[in-house]
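Residue-level structural notes
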Amino acid sequence: MSNTKNLGWKEIPEGGLIIEAGNAAKYETGSWRSVRPVRDEKKCTNCLICWVYCPDSSILVSDGKIKNIDYSHCKGCGICATECPVKAIEMVDEKEFNK
Amino acid sequence: MSKKITALTGNEAVAYAIKQINPDVMAAYPITPQTALVQKFSEYVADGLVDTEFITVESEHSAMSACVGAAAAGGRVMTATSANGLALMFEIVYIAASNRLPIVMSVVNRALSAPINIHCDHSDTMGARDSGWIQLYSENAQEAYDNTIQAIRIAEHMEVRLPVMVMQDGFITSHGIDCVEFIDDEKVTKFIGKYQPRYPLLDVNHPVTYGPLDLYDYYFEHKRQQAEAIKKSQKVVVEVGNEFKQISGREYGLFEEYHLSDAERAIVALSSTAGTAKQVVDELRAKGEKVGLLKLRLFRPFPYQEIIQALSHLKAIAILDRSDSFGGFGGPLFTEIRSALLESEKIPQNVNYIYGLGGRDINQVDITSIYADLENIVKKGKVEERIKYLGVRE
Ligand code: SF4
Ligand code: SF4
């Protein structure tokens, strides 16, 4: 179900069932985040360890290089920042972006 | 065709109904006074008289869990329990209703521990009244049999899809020998029809997920759906009752009115106590007293509008609760009915009797005394003691 509009009780499958396979991407878990991973491109060696570890597939890669972080799904768990061997990812409080 | 009347207990009558229903799965754990029901049904399984997969489990928590799994897989599923067994399955009782699984459970009412007691009261199922299950209470073995068959249709109705509990009074009904008229197998099979699972897990071409995480953004909407589904089930209970009359000749509605329409004083009661009260009504009516009875069959959903219509003409009502709601303002049935009556333009005098806990007998003398109390209330025009404990030693 799309997160663009929260649906009413008459519009959703009964009993909280997920009746469509492979739709996890439609649920935007980014709203859960209180701290945001911010990558320093200069420090990053593109080792892709963060891509392997991210539980939400939120590290976006193309051509073997980190392109971006998908903030509509990143929950801000901080695993990427912890695992990065060169400390290229910093977790920044969300309120810094809402000023 | 002549009627075939069989003499047997309430437990045996329900076991026979389950045999005729022939569910895909039955998962149950024995507990007094339900034991004989499950034992009888397991004999049918052992004798090859049903196709049911009978799952023996290590506890009621597992029994209801197995039922939820089997129902989600797409099976027609039944179980049975009593008292502490129902309490032990409580977590999964809510999950069955919330997952909208049309499981039918026979509950033989028994007091909850402690102190340990194996006899009848309604504290077990009244504790589950907010669990989202439809609740049907039966006066005798015949009603327990009939309600079990109807419960399948109610639960599986596409606009309902909720589990149903069918109650009978422990020992009084479950172990008392009663006259029961069975319906022919073919008629039962035709009446319940073939089960149509809605989102079966075993349909691998349409994969579904049961029980995912549901937070503040959608949980409330799912609860709102559930509220609507159980509300809708009231209409279905009536429709199924009408259809059932065609195959059985027996009438089932939301409740039974016994000499109620011209009565001035009435008792409201559930299950076997209503049978005793009918006898008293007959005796008092023979003396010219305007007394009546409302025997509630459907407690969840609570048919408040129809109850108001049936009761508002009375001068005084005694509401009988075979369970207490400790610390509440009266028993569960009383609070529902008194609250419903506030919607009425005319509110009869009303009083609550909590009685029969742990199987304490209620007899005709007790019920006669209640009608006499009501007469005093009518004369005085007021209720002196709202919540009374009937039959307890001071
Ligand atoms: S914070 Fe967690 S969810 Fe977000 S990108 Fe890093 S590992 Fe993935
Ligand atoms: S783990 Fe660190 S260095 Fe490796 S790709 Fe991710 S951000 Fe870059």
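Provided above is the structure to which this section pertains.
I will try to describe carefully the structure that is included in this document. (Residues numbered from 1 in each chain as written. Chains lettered and ligands numbered in written order. Predicted model: local features only at pLDDT ≥ 70, side-chain atom pairs only at ≥ 80, totals over all residues. Heavy atoms only, no water.)

Moving on, we get to the overall build of chain B. Looking only at helices and strands, one finds 13 helices and 15 strands in chain B. Radius of gyration (C-alpha) of chain B: 21 Å, near the 21 Å computed for a compact globule of 394 residues. On the principal axes, the C-alpha backbone points of chain B span a range of 70 × 55 × 45 Å. A sequence separation of at least 24 residues applies to 82% of the contacts in chain B between residues at least 6 apart. Looking at chain B as shown, the accessible area adds up to about 16600 Å², and 51% of this sits on carbon and sulfur atoms. In chain B, 40 side chains carry a positive charge and 51 a negative one; their mean positions are 5 Å apart. (Helix = DSSP H or I, 4+ residues; strand = E, 2+ residues; numbered from the N terminus. Rg over C-alpha atoms; globule rule 2.2 N^0.38 Å. Contact = heavy atoms within 4.5 Å. Areas by Shrake-Rupley, 256 points an atom, 1.4 Å probe, with all protein chains shown as cover. Lys, Arg positive; Asp, Glu negative; His and termini not counted. Charge placed at Lys NZ, Arg CZ, Asp CG, Glu CD.)

This paragraph deals with the site of ligand 1. Surveying the vicinity of ligand 1 reveals the residues Pro37(A), Cys54(A), Pro55(A), Asp56(A), Ile59(A), Cys74(A), Lys75(A), Gly76(A), Cys77(A), Gly78(A), Cys80(A) and Met91(A). In terms of residue class, the shell around ligand 1 is built from eight nonpolar, two polar and two charged. (Near = heavy atom within 4 Å. Nonpolar A, V, L, I, M, F, W, Y, C, P; charged D, E, K, R; others polar.)

Side chains that are nonpolar tend, in soluble globular proteins, to be buried together. Residue and element names in this part refer to chain B. Ranked by internal contacts, the top residues of the largest apolar core, which has 97 residues, are Ile103 and Leu311. Three or more residues apiece are contributed to this core by two domains, here domain 1 (3–248) and domain 2 (255–390). Non-local contacts of Ile103, meaning those with residues more than four positions away in its chain, are made with Met64, Cys67, Val68, Ala71, Val77, Ala96, Trp133, Pro163 and Val164. Grouped together as the second largest cluster of nonpolar side chains are 24 residues, Tyr258, Val281, Leu284 and Val383 included. (Core = buried A, V, L, I, M, F, W, Y, C linked by side-chain atoms within 4.5 Å. Buried < 20%, exposed > 50% of the residue type's maximum accessible area, 1.4 Å probe, protein only. Domains from an automatic or database assignment.)

Moving on to the interface of chain B and chain A. Each partner contributes residues to the interface: chain B has 21 residues there, and chain A has 19 residues. It is Tyr199(B), Tyr218(B) and Gln225(B) in chain B that bury the most area against chain A; as a group they hold 32% of the surface buried on that side. Applying the counting criterion to the chain B and chain A interface returns two salt bridges. Between Glu14(A) and Arg198(B) there is a salt bridge, with its nearest N and O atoms 2.5 Å apart. Where chain B packs against chain A, one counts nine residue pairs in polar contact (both at pLDDT 80 or more). (Buried area = accessible area lost by both parts, 1.4 Å probe. Salt bridge = Lys/Arg side-chain N within 4 Å of Asp/Glu carboxyl O. Polar contact = N/O pair within 3.5 Å; in protein donor to acceptor, adjacent residues only side chain to side chain.)

The next subject is the pattern of salt bridges. A pair can form between side chains of opposite charge whenever their charged atoms are brought close. The final tally for this structure, using the stated rule, is 30 salt bridges over all chains. The partner of Arg36(A) in a salt bridge is Glu94(A), and the shortest N-O contact between them spans 2.9 Å. With Arg36(A) in strand S1 (residues 35–39) and Glu94(A) in the segment after strand S4 (89–93), this residue pair connects regions lying 58 residues apart in the sequence. Residue classification places Arg36(A) among the buried residues on the basis of a relative accessible area of 18%. A relative accessible area of 11% places Glu94(A) in the buried class. When salt bridges with common partners are traced through the structure, they connect Glu139(B), Glu143(B), Glu256(B), Lys278(B) and Lys295(B) into a single cluster.

Here the focus is the pairing of strand S10 (residues 265–270) of chain B. Residue and element names in this part refer to chain B. When you tally the buried positions in S10, you get six out of six residues, the bulk of the element. Alternating positions in S10 separate into two faces, Arg265, Ile267 and Ala269 on one and Ala266, Val268 and Leu270 on the other, with burial throughout. As judged from the six bridges shared by S10 and strand S11 (residues 291–296), these two strands associate in the parallel manner. Each residue of the ladder has a partner; that of Ile267, found in S11, is Leu293. (Pairing = 2+ DSSP bridges.)

Moving on to the sheet that holds strand S6 (residues 134–137) of chain B. Residue and element names in this part refer to chain B. Here we have seven strands laid out as an open sheet, ordered S3-S2-S4-S5-S7-S6-S12, and mixed in their pairing. Two strands in the sheet have a free side with no partner beyond their single neighbour: strand S3 (53–56) and strand S12 (298–300). The mean angle between the axes of side-by-side strands here comes to 20°, regardless of whether they run parallel or antiparallel. Here S6 runs beside strand S7 (residues 164–169); their pairing, made up of four bridges, is parallel. For Ile134, the partnering residue across the bridge sits in S7 and is Val164. (Axes fitted to C-alpha atoms, helices over the stretch in contact; angles between N-to-C directions.)

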